[in-house]
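# Tertiary structure, described
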Amino acid sequence: MDNISSIRLGVFLTVLVVMLLLELYFPARQLPTGANAPKNSTRLFGNVGIVIISAVTARLVLPIGLAGIALYCYEQEWGLLHYFALPNWASIAISLLLLDMLIYWQHRLFHAIPLLWRLHKVHHADVHIDSTTGLRFHPLEMVLSIGIKALAIIILGVPASAVILFEIILNGLSIFNHANIRLSPRLERLTRTVLVTQILHRIHHSQKVSETDSNFGFSVIWWDRLFGTYSASASKTDHDLDIGLSQYPDQKNNANLLGLLTLPFISKK
């Protein structure tokens, strides 16, 4: 398990560093400016700080991790997949698809249920979207997400290898599609047939509610196409799209770490 943690951390840091370098040299959008615009150093400190707090909280809540849950279920022969004589590769493939669809529906629920939206809006209140935005989730949202995934692992009997692979893919693609880069038009068109691209995910971060309620996928775009939430383009171009939440005009409070931690408890919808 220690080796697995090292591998996950290594992949995570590699993807993050690559995306940060691409953002530095080939940014798709410029940072917002103005009297209320936050300093980027404050914003980055808040985004990175909250992911560290969330990671520590998750470890305290579930010390053995989701892979540990999966191993225990395997030993106890719990879960639906244990009732089918499937080859290991098939169990892993089915698990990856089901877990990814679960995350899609979880994401939709966090938008649809007001109490859950209070937590998730911490992610959407970012006035600029880059690879660090892909890490910006409130600790309470992280705990709820872990609980949902743990329950799915128990019910389905997901193999530990699938859990590890899924978390690596999910984290990597979340950083990728939040990155402040823009693929070439041809590559973007090709990539969006399978994956959520940066342009598609920036539509999801639009201040326009109808656009925010689209493109919920974190990895593949198939679920949005299948369940009718796919949006190919926004009302504005990718260069001019308004990012963030319009009900939080004081952008500085949406950037510092204390503001992020307390934002769900501010009485705004």
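The present account deals with the structure reproduced in this document. Worth saying up front: this structure is predicted, and the values here are computed from it rather than measured. (Residues numbered from 1 in each chain as written. Predicted model: local features only at pLDDT ≥ 70, side-chain atom pairs only at ≥ 80, totals over all residues. Heavy atoms only, no water.)

### Concerning the layout of surface pockets
Empty space within the largest pocket amounts to approximately 1300 Å³. Of all the secondary structure elements, the ones that give two or more residues to the lining of the largest pocket are helix H1 (2-25), helix H2 (40-61), helix H3 (65-76), helix H4 (88-112), helix H6 (139-156) and helix H7 (160-178). Looking at the lining of the largest pocket, the element that brings in the most residues is H1, giving eight residues. Looking at the lining of the largest pocket residue by residue, the class counts come to 25 nonpolar, eleven polar and six charged. (1 Å grid on protein atoms, 1.4 Å probe; cavity = no way out; pocket = protein on both sides within 12 Å on 5 of 7 lines; lining within 4 Å. Points joined across faces, edges and corners; volume = space filled by probe spheres on them. Helix = DSSP H or I, 4+ residues; strand = E, 2+ residues; numbered from the N terminus. Nonpolar A, V, L, I, M, F, W, Y, C, P; charged D, E, K, R; others polar.)

### Let's talk about H2
Between the first and last C-alpha of H2 there are 31 Å, a value that for 22 residues agrees with the 32 Å anticipated at 1.5 Å per step. Along H2, the residues classified as buried are Arg-43, Gly-46, Asn-47, Gly-49, Ile-50, Ser-54 and Ala-58. Tucked into the core, H2 has its buried residues touching helix H5 (114-124), H6 and helix H12 (257-262). (Expected span 1.5 Å × (residues − 1). Buried < 20%, exposed > 50% of the residue type's maximum accessible area, 1.4 Å probe, protein only. Contact = heavy atoms within 4.5 Å.)

### Comments concerning the packing of H3 against H6
Direction vectors running N to C along H3 and H6 enclose 20°, while the axes themselves pass 9 Å from each other. If you check the angle between H3 and H6, you find them roughly parallel. Two packed elements cross with a definite hand, and for H3 against H6 that hand is right-handed. Facing H3, whose interface residues are Leu-66, Ile-69, Ala-70 and Cys-73, H6 presents Ile-146, Lys-149, Ala-150, Ile-153 and Ile-154. For the contact of H3 with H6, the per-class residue count stands at eight nonpolar, no polar and one charged. (Axes fitted to C-alpha atoms, helices over the stretch in contact; angles between N-to-C directions. Parallel < 35°, antiparallel > 145°, perpendicular 65-115°, else oblique. Left-handed = near helix turned anticlockwise from the far one by under 90°.)

### Overview of the pattern of salt bridges
Opposite charge on two side chains allows them to pair when their charged atoms are near. A complete count under the given rule lists eight salt bridges for this structure. Among the salt bridges present, the one from Asp-130 reaches Arg-43, with a minimum N-O distance of 2.9 Å. Of the two residues, Asp-130 sits in the loop between H5 and H6 while Arg-43 sits in helix H2, which places them 87 residues apart along the sequence. In this structure, Asp-130 and Arg-43 share a single accessibility class: buried. Between Arg-192 and Glu-188 there is a salt bridge whose closest N-O contact spans 2.9 Å. Classification of Arg-192 as buried rests on a relative accessible area of 12%. Among the charged side chains, a network of salt bridges with common partners joins Arg-43, Asp-126, Asp-130 and Arg-136. (Salt bridge = Lys/Arg side-chain N within 4 Å of Asp/Glu carboxyl O.)

### Section: the environment of Ala-85
Examined against the element boundaries, Ala-85 turns out to sit in the loop between H3 and H4. Residue classification places Ala-85 among the exposed positions, given a relative accessible area of 85%.

### Remarks on unusual backbone geometry
Of note in the backbone geometry, Glu-77 takes a positive phi value of approximately 60° without being a glycine. Topologically, Glu-77 is positioned in the loop between H3 and H4. Unlike most non-glycine residues, Asn-215 shows phi in positive territory, near 50°. Mapped onto the secondary structure, Asn-215 falls in the loop between helix H10 (209-212) and helix H11 (222-226). The class of Asn-215 is buried, set by a relative accessible area of 0%.

### Section: empty space enclosed by the protein
All chains considered together, the criterion is met by one cavity of 30 Å³ or more. Roughly 40 Å³ of internal volume is contained in the largest cavity. Counting residues per element, the ones that place at least two in the lining of the largest cavity are H6 and H7. Here the lining of the largest cavity gets three residues from one element, more than from any other, and that element is H7. Among the residues making up the lining of the largest cavity, the classes are represented as five nonpolar, no polar and two charged.

### Looking at the packing of aromatic side chains
Within this structure, the stated rule accounts for six aromatic pairs. Between the aromatic rings of Tyr-72 and Trp-78, the centroid separation amounts to 5.4 Å while the plane-to-plane angle is 80°, which identifies the pairing as edge-to-face. Here Tyr-72 falls in the partly exposed class, since its relative accessible area comes to 41%. Geometrically, the ring pair formed by Tyr-104 and Trp-105 is edge-to-face, given 5.3 Å between the ring centres and 85° between the ring planes. Relative accessible area serves as the criterion here: at 1%, Tyr-104 is assigned to the buried category. On the accessibility criterion, Trp-105 (35% relative accessible area) is partly exposed. These aromatic residues form a ring-pair network of at least three members: Tyr-104, Trp-105, Phe-216 and Phe-227. (Phe/Tyr/Trp six-rings, centres within 6.5 Å; stacked < 30°, edge-to-face > 60°.)

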